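Structural features, examined
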Amino acid sequence: MQGMLLFTLTAIFPSLRPPSCTYSPCQGPTTWQFAILFMALALMTVGLGGTRFTGAAMGAAQFGDENDRDTFFSWYLVAMYISSIIGTVGIVYIQANLGWVLGFGVCSVIAAVGFVIFLLGNRYYRHPKPQENPLVDIFRQILSRAGKRKAASESSERLLCCSKVDDGAVEPQTTIECPRSQEEATTQEVKQEDELTILLRLVPLITTGIILSFYLGLQMSTSFLQALVMDLHLTPSLTIPIGSISIFLILSATLSIPLLNYLLYPLHRFLTGQHPTSLARIGFGFLITTLAMVYGALTERKRLHDLQTDAQPMSVLWLVPCFMLVGFGEALHFPGQLAFFYQEFPESFKGSGMAVSALQSGVGSYATSAGIGMIRRFLDGWMADNANESRLDKVYWLMAGVGAVNFGCFVACARLYTRKKGGKS
């Protein structure tokens, strides 16, 4: 909210932004103006990192049943997608037609209202008890594994000392906290080892999500290049801005989640007697996304073929099925990932488990930028600035190949993965 307020102030006060400019050379921002801008961006980043997926973990903690949590994650994402649609269409329209001040102002008011509603519901929430920083336990376990023999020796010596104290054989010079049993003495060490082991087992599955984010980002960039040379008319009098073509993906995901929850999942449960597991949903999402890349390759090949015989550019609506497939795949794997990580992460890492999806998306975005640079450098002509002079169909086939390999790796990792105690097989 504070970051959005700073953005609003930069739109209201001319001194907080560079002067408007029509002809070059233009006056650049001052150091003070840069500081205000970066402060606003930093506050927005910290705020989103602390609320978007941590809020999902807090919401899931209100439910005791795993199926109820799965439903919550699905509707939580529906709310996120609807807000994205409102921002992509409504807020952009306000800023473009009614001014930046009103656009940022509306965002600030919405953020303030959401904050007040959150505070009003505070007394009705279940509040988990605060715990020690889990990273401290993990760090201790790493040190313990590095010096395992020494730690085992010290533990045995401590137990022997405690035993002598209990028998009255020696008089302790200092206060010694003695466990009541050997089992209790090793409980904390086993807990730490289990947490570290669980996190290490999750790394391969997290990696497959990063690869998924990589080629999804590459698909989005490729689609924008295609849209630049395509007919953007939805109707004879209505065109869609290039920056808004991703709205079809968001719409598809928003509509697919209720379809899955209230039709396809119950049908699966009726036919098999079981609710699809989170790993199964993630896997099917990966598969659908790979099929979307295949469709994109075939569509681009047709576009390039028609370009040689038809002067009229292909309609941008040819890209819609690809976005719809990607959105349907996202409706499968995104809620599945949230549910899986919440279930499988150690208790002290529940909030961090929710943030893994953001981590995958962020690392995948950096990988996308690096991938585009490598394609342009080593695969000449595949991804030029002009899509008509490129071979984007080969880029799509590359993404389909990466997706197929990633899907195979995910299936192998999922089969080898050992669920945490209490998790569904």
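Residues numbered from 1 in each chain as written. Predicted model: local features only at pLDDT ≥ 70, side-chain atom pairs only at ≥ 80, totals over all residues. Heavy atoms only, no water.

An unreviewed UniProt entry annotates the protein as Major facilitator superfamily (MFS) profile domain-containing protein of Asparagus officinalis. Listed in UniProt under the heading Subcellular location (unreviewed entry), the comment for the protein reads: "Membrane". Under the heading Sequence similarities (unreviewed entry), UniProt records this for the protein: "Belongs to the major facilitator superfamily. Proton-dependent oligopeptide transporter (POT/PTR) (TC 2.A.17) family." (UniProt positions renumbered as here; feature names shortened; annotations may be inferred.)

For the structure shown, the criterion picks out five salt bridges. A salt bridge links Arg 376 to Asp 385, with the shortest nitrogen-to-oxygen separation between them at 3.3 Å. Given the relative accessible area of 62%, Asp 385 is considered exposed. (Salt bridge = Lys/Arg side-chain N within 4 Å of Asp/Glu carboxyl O. Buried < 20%, exposed > 50% of the residue type's maximum accessible area, 1.4 Å probe, protein only.)

Let's shift gears to the side chain of Gln 219. Turning to its location among the elements, Gln 219 is positioned in helix H7 (residues 182-228). Among residues more than four places away in sequence, those in contact with Gln 219 are Met 293, Cys 322, Phe 323, Val 326, Tyr 396 and Met 399. (Helix = DSSP H or I, 4+ residues; strand = E, 2+ residues; numbered from the N terminus. Contact = heavy atoms within 4.5 Å.)

What follows is about the packing of aromatic side chains. This structure, assessed with the given rule, holds 13 aromatic pairs. For the ring pair Trp 100 and Phe 104, a centre distance of 5.7 Å and an interplane angle of 35 degrees mean the geometry is tilted. Residue Trp 100 and its partner Phe 104 are located together in helix H4 (residues 100-120), separated by four residues, close to a single helical turn. With a centroid separation of 5.0 Å and an interplanar angle of 50 degrees, the aromatic rings of Phe 286 and Phe 410 are classed as tilted. Within this pair, whereas Phe 286 is found in helix H9 (residues 278-309), its partner Phe 410 is found in helix H12 (residues 392-416), the two being separated by 124 residues in sequence. On the accessibility criterion, Phe 410 (3% relative accessible area) is buried. Taken together, Phe 63, Phe 72, Phe 73, Tyr 76 and Tyr 342 form an aromatic cluster joined through their ring pairs. (Phe/Tyr/Trp six-rings, centres within 6.5 Å; stacked < 30°, edge-to-face > 60°.)

Buried within helix H1 (residues 2-12) we find Gly 3, Met 4, Leu 6, Phe 7, Thr 8, Thr 10 and Ala 11. Along its buried surface, H1 packs onto helix H2 (31-60) and H4.

The relative placement of two packed helices comes down to the angle between their axes together with the axis-to-axis distance. Between H2 and helix H3 (residues 66-97), the shortest axis-to-axis distance is 10 Å and the interhelical angle comes to 150 degrees. Considering their axes alone, H2 and H3 lie roughly antiparallel with respect to each other. Pair H2 / H3 crosses with right-handed handedness. Counted together, Thr 51, Arg 52, Phe 53, Gly 55, Ala 56, Gly 59 and Ala 60 of H2 and Arg 69, Phe 72, Phe 73, Tyr 76 and Met 80 of H3 form the full contact between these two elements. For the contact of H2 with H3, the residue count by class is seven nonpolar, three polar and two charged. (Axes fitted to C-alpha atoms, helices over the stretch in contact; angles between N-to-C directions. Parallel < 35°, antiparallel > 145°, perpendicular 65-115°, else oblique. Left-handed = near helix turned anticlockwise from the far one by under 90°. Nonpolar A, V, L, I, M, F, W, Y, C, P; charged D, E, K, R; others polar.)

This part takes up the packing of H1 against H4. One can describe the packing of H1 onto H4 by two numbers: an axis separation of 9 Å at closest approach and a directional angle of 160 degrees. Classified by the angle their axes make, H1 and H4 are roughly antiparallel. Remark: the crossing between H1 and H4 carries left-handed chirality. Taking contact as the criterion, the partners of Met 4, Leu 5, Phe 7, Thr 8, Ala 11 and Ile 12 in H1 are, on H4, Trp 100, Val 101, Phe 104, Gly 105, Cys 107 and Ser 108. By residue class, the composition of the contact of H1 with H4 is nine nonpolar, three polar and no charged.

In this structure, Phe 73, Leu 218, Met 293, Val 316, Phe 340, Phe 345 and Met 354 are the most contacted members of the largest nonpolar core, which totals 74 residues. Elements supplying a minimum of two residues to this core: H2, H3, H7, helix H8 (247-272), H9, helix H10 (320-344), helix H11 (350-378) and H12. Per-element tally for this core: the top contributor is H7, with 13 residues. Residue contributions to this core reach at least three from each of two domains, namely domain 1 (1-18 + 29-123) and domain 2 (196-419). (Core = buried A, V, L, I, M, F, W, Y, C linked by side-chain atoms within 4.5 Å. Domains from an automatic or database assignment.)

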